[in-house]
Amino acid sequence: MSFMRILIVEDDSEAANYMVKAFRESGHVADHVGDGLEGYARACAETYDVLIVDRMLPKIDGLSVIGSLRAQNIQTPVLILSALGQVDDRVKGLRAGGDDYLAKPYAFSELLARVEVLARRNRPGLGEDTVYRVNGLELDRLAHKLTRDGKDIPLQPREFRLLEYLMKHAGHVVTRTMLLENVWDYHFDPQTNVIDVHISRLRAKIDKGFDPPLLQTIRGAGYMIRDGAR
Amino acid sequence: MALGKLFRTTVFKISLAYLAISAIGAGLVLGTVGWNMKHVIEEQVAQTIDTNIAGLSEQYAQGGIRRLVNIIQRRTRRPSAGLYLVTTPAGEPIAGNIASLPPDILEHTGFIETDYQPPGDTGGKHRALVRVFALDGGFHLLVGHDLEEGERLRHILGDALLTSLVWLVVIGTLGGLWVARRVLNRVDAINANAQAIVAGDLSGRLHLAGTGDELDRLVQNFNAMLERISILLAGLKEVSDDIAHDLKTPLTRLRGGVEQALRTAKSPEEYRGALEKALEESDRLIQIFDALLSIARAEAGAGREGMTEFDAGFVARDVGELYEPVAEERGVSLVISSGTGLTLHGSRELVGQAIANLVDNALKYGSPDAAKEARGPSLSPSPGAATVELSARRSGGAIEVIVADHGPGIAENDRQRVLNRFVRLENARSRPGSGLGLSLAAAVARLHNGSLQLEDNEPGLRVVIRLPAAPVRREPEVPLALPSPEKVA
């Protein structure tokens, strides 16, 4: 997996240090600045793959930083981190130019998975293929057809979208909330493990009777479609 | 009482405005009457003059100037006679009862209004309407009528107008002050009452005068407002009590676990286990926090600006489909049915979450296993009862989303209580859950000006969310087509 350059704009330095360390352990490079003004300057001056911006910052607030960057035509993907996690806060954040929104407190695995998706967004060619392929599993987005090793696998519409999202991010961890947001378009926490049950249904269809298993559970994080054999 | 305060009252200002309007009205009426009267009198006078001139010129034609002069002399001797004057072609008066006239009146034939002086009256000039008639032979005949009487009438009317205006102003002002004072007294009483309530006990209420007028209605609304404030305050207190209890319990567990690990754990595995438990516990805390915040936000009416129109039927089917595999896994069949055109104005996200909470509850507590547990093992589970129905339909001006199960249900006296935060009934305590799901659903219903009701499904629980439908737009109905890949399947 290629490494990412990440800028963290966060005034709580302890939280930021955790993040910087955790990103380094995951093989990425993370810089940290403590206020909005410096964050804006750094984001303008250097090239980053993703910006992580807290909403409430000294000097300039997070949403204004994003607005100013977008006004300068700097299109680096931004993930907004905020203690304000309700529906309307999220809508405001995304309207201000953010690309994703994560409420505090969060699990680092969730943050990492989302940042990876954002970083890949700007790389050309991603997600534009009409056919996704992972080790003999072939999903034709236009014909809405799924085959594995040439055998047709019938899917429900929602299962198709679920698999489509997983295969679009093949090789990357996708969390349960990401699936709920992107496949069902809901942001609430569905108490029960609904997503897990959908996944195990899907797994029964695409992995049962085939080898190797492609849809893998990543403990403590989420799921990943991966060419598991090699 | 300070008069200045009285003058500043709205009631007094309104009285003043009414006063001005009635004064203008009275002026208009009297003015019109006066003008009409003058008009009628003048018309009558002119007619009389015309008849007189016709008669006199006939006499002149028959008997000449001598006969005319005779007649005029006879007529002018009678009291309150008309005005007459006969002159030579040169303008010398021959007979009549006019002492002097403005010059060149005699040059104009026809009607004219003029001043004149009667003989023997050295006082002021009088006003008269006269007509000059040229007789054959160059003589001028002038017949006229004194207008003093009309003038006097007009003066009387004018005086009447003035007097009535004065009375109007006096009575109006006094009346206005009286009414203003009466209203002000009541408003002052209400104000004093309100201040006492604000300063002291919020449970106090304003007194009704019992007249049922607009002030009473105002007082009623104030009382309703106070009622709402008390409820909100009580709610706030309840929330802080709830939070104290239900957040401190998991916090205590969290702290205890960490403390114990620090004291007794020896191997890295033991530490790891304790940390994992702590993480789990804090995730649960975050969940509770989020749920509490969502409820508080919904109850405070936040999120109204983000509301859009959406189809409640689609959302119900969406959520149903989300939970369908879970239901299957638990051996429950989730039956989803929905009508079409169930357009709502609201938050799709929140309504979705509310429905999800209800379905989640129904799947957790509404299965026959739960019923068996609740009623004891003697009752055999009825076969085929493992069904949860989720339906959305229109009912008059409302849209109803109904989640019904065949579980143990909720006893009637528990139904209101269970909507409160953190309330978990006995048979639910052993299962995971925070006791916030129903509270959130109810808060979402209220946010959308709707309601949530718990009913008996005989057996089981039936939860009905009733939300006002969005106003129907006159648009051709779009056939059931979702912008999703459903049609391809």
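Residues numbered from 1 in each chain as written. Chains lettered and ligands numbered in written order. Predicted model: local features only at pLDDT ≥ 70, side-chain atom pairs only at ≥ 80, totals over all residues.

## Here we look at the overall build of chain A
Point 1. On a plain count of helices and strands, chain A comes out with eight helices and twelve strands.
Point 2. A buried classification covers 42% of the 230 residues belonging to chain A. (Helix = DSSP H or I, 4+ residues; strand = E, 2+ residues; numbered from the N terminus. Buried ≥ 20, exposed ≤ 12 C-beta atoms within 10 Å, placed from the backbone.)

## Section: the sheet that holds strand 1 (residues 83-87) of chain B
Residue and element names in this part refer to chain B.
Point 1. Taken in spatial order, the five strands of this open sheet run 2-1-5-4-3, and their pairing is antiparallel. Every interior strand has two partners, whereas the edge strands, strand 2 (93-96) and strand 3 (110-116), have only one. Pairwise comparison of adjacent strand axes, ignoring direction, gives a mean angle of 25 degrees for this sheet.
Point 2. Sheet topology note: the strand 1/strand 5 (residues 140-146) ladder contains five bridges and is antiparallel. Within the sheet, the bridge partner assigned to T87 lies in strand 5 and is H140. (Pairing = 2+ DSSP bridges. Axes fitted to C-alpha atoms, helices over the stretch in contact; angles between N-to-C directions.)

## Here we look at the pairing of strand 2 of chain B
Point 1. The pairing of strand 1 of chain B with strand 2 of chain B spans three bridges and is antiparallel. Within the sheet, the bridge partner assigned to B:T87 lies in strand 2 of chain B and is B:P93.

## Quick word on the sheet that holds strand 9 (residues 151-152) of chain A
All names here are of chain A.
Point 1. In spatial order, the strands read 6-7-8-9; together these four strands make up an open sheet with antiparallel pairing. Each edge of the open sheet carries a strand with a single partner, namely strand 6 (131-134) and strand 9.
Point 2. With four bridges joining them, strand 7 (residues 137-140) and strand 8 (residues 145-148) adopt antiparallel strand pairing. Directly across from E138, in strand 8, lies its bridge partner T147.

## A look at the interface of chain A and chain B
Point 1. Contacts between the two partners involve 24 residues from chain A, matched on the other side by 29 residues from chain B.
Point 2. Secondary-structure elements contributing two or more residues to the side of chain A that touches chain B are helix 4 (87-95), helix 6 (157-168) and helix 8 (194-206) of chain A.
Point 3. Split by residue class, the side of chain A that touches chain B holds eleven nonpolar, eight polar and five charged. (Contact = placed C-beta atoms within 7 Å. Nonpolar A, V, L, I, M, F, W, Y, C, P; charged D, E, K, R; others polar.)

## Looking at the packing of helix 7 (residues 348-365) of chain B against helix 9 (residues 437-447) of chain B
Residues and elements named next belong to chain B.
Point 1. Where helix 7 meets helix 9, the axes come as close as 9 Å, and the angle between the chain directions of the two elements is 145 degrees. Every pair of crossing elements has a handedness; the one defined by helix 7 and helix 9 is left-handed. Taken together, the residues of helix 9 that come into contact with helix 7 (itself represented by L350, V351, Q353, A354, N357, L358, D360 and N361) are G437, L438, L440, A441, V444, A445 and L447.
Point 2. Tallied by class, residues from the contact of helix 7 with helix 9 come to ten nonpolar, four polar and one charged. (Left-handed = near helix turned anticlockwise from the far one by under 90°.)

## Some points on unusual backbone geometry
For residues other than glycine, phi is negative in most cases, and the peptide bonds are mostly trans.
All names here are of chain A.
Point 1. With an omega of -10 degrees, the peptide bond running from K104 to P105 counts as cis.
Point 2. With respect to the helices and strands, P105 occurs in the loop between strand 5 (100-103) and helix 5 (108-121).
Point 3. Across the junction of D211 and P212, the peptide omega takes the value -5 degrees, indicating a cis bond.
Point 4. Along the chain, P212 falls in the loop between helix 8 and strand 11 (215-218).
Point 5. Located in the positive-phi region is N135, a residue other than glycine, with phi close to 40 degrees.

## Quick word on helix 2 (residues 10-77) of chain B
Residue and element names in this part refer to chain B.
Point 1. Over its 68 residues, helix 2 runs only 67 Å from end to end, short of the ideal 100 Å by more than 12%, given 1.5 Å per residue.
Point 2. Along helix 2, the sharpest change in direction is near 130 degrees and occurs at G63.
Point 3. Restricting attention to buried positions, one finds in helix 2 the residues F12, S15, V45, I49, L56, Y60, L68 and I72.
Point 4. Structurally, helix 2 contributes buried residues whose contacts are with helix 1 (3-8), strand 1, strand 2, strand 4 (126-134), strand 5 and helix 3 (148-199). (Expected span 1.5 Å × (residues − 1). Bend = angle between axes of the 7 residues up to and from the residue.)

## Here we look at the confidence of the model for chain B
Residues and elements named next belong to chain B.
Point 1. A residue-level look at chain B finds 88% of positions with pLDDT of 70 or above and a mean pLDDT of 80.
Point 2. Here residues 371-383 scores under 50 on pLDDT; set against residues more than four positions off or in separate chains, the count is twelve contacts.
Point 3. Counted against residues more than four places away or in other chains, residues 476-489, with its pLDDT under 50, gives twelve contacts.
Point 4. Across the assembled chains, the prediction reports ipTM 0.85 with pTM 0.64. (pLDDT = per-residue confidence, 0-100.)

## Re the pairing of strand 3 (residues 50-54) of chain A
All names here are of chain A.
Point 1. Of all five residues in strand 3, five are buried, a share of seventy percent or more.
Point 2. Neither face of strand 3 is open: one carries V50, I52 and D54, the other L51 and V53, and all of them are buried.
Point 3. When strand 1 (residues 5-9) meets strand 3, the two strands line up parallel, connected through four bridges. Pairing of L7 across the sheet is with L51, part of strand 3.
Point 4. Bridge analysis of strand 3 against strand 4 (residues 78-82) gives four bridges, and the strand direction is parallel. In the sheet register, L51 faces strand 4, and the bridge partner there is V78.
Point 5. Traced from strand 3 through helix 3 (residues 62-71) to strand 4, the parallel crossover comes out right-handed. (Right-handed = clockwise from strand over helix to strand, strands pointing away.)

## Things to note about the environment of B:S367
Residue and element names in this part refer to chain B.
Point 1. Within the fold, S367 resides in the loop between helix 7 and helix 8 (368-375).
Point 2. Using a count of 25 C-beta atoms within 10 Å as the deciding quantity, one classes S367 as buried.
Point 3. S367 sits 40 residues away from A327 along the chain, and the two C-alpha atoms are 9.8 Å apart.

## Focus on the packing of helix 2 (residues 36-45) of chain A against helix 3 of chain A
Residue and element names in this part refer to chain A.
Point 1. Where helix 2 meets helix 3, the axes come as close as 9 Å, and the angle between the chain directions of the two elements is 25 degrees. In terms of orientation, helix 2 and helix 3 fall into the roughly parallel class. For the pair helix 2 and helix 3, the crossing hand works out as right-handed. Of the residues in helix 3, those touching helix 2 at G36, G39, Y40 and A43 are G62, S64, V65, S68 and L69.
Point 2. Of the residues belonging to the contact of helix 2 with helix 3, the class tally is four nonpolar, five polar and no charged. (Parallel < 35°, antiparallel > 145°, perpendicular 65-115°, else oblique.)

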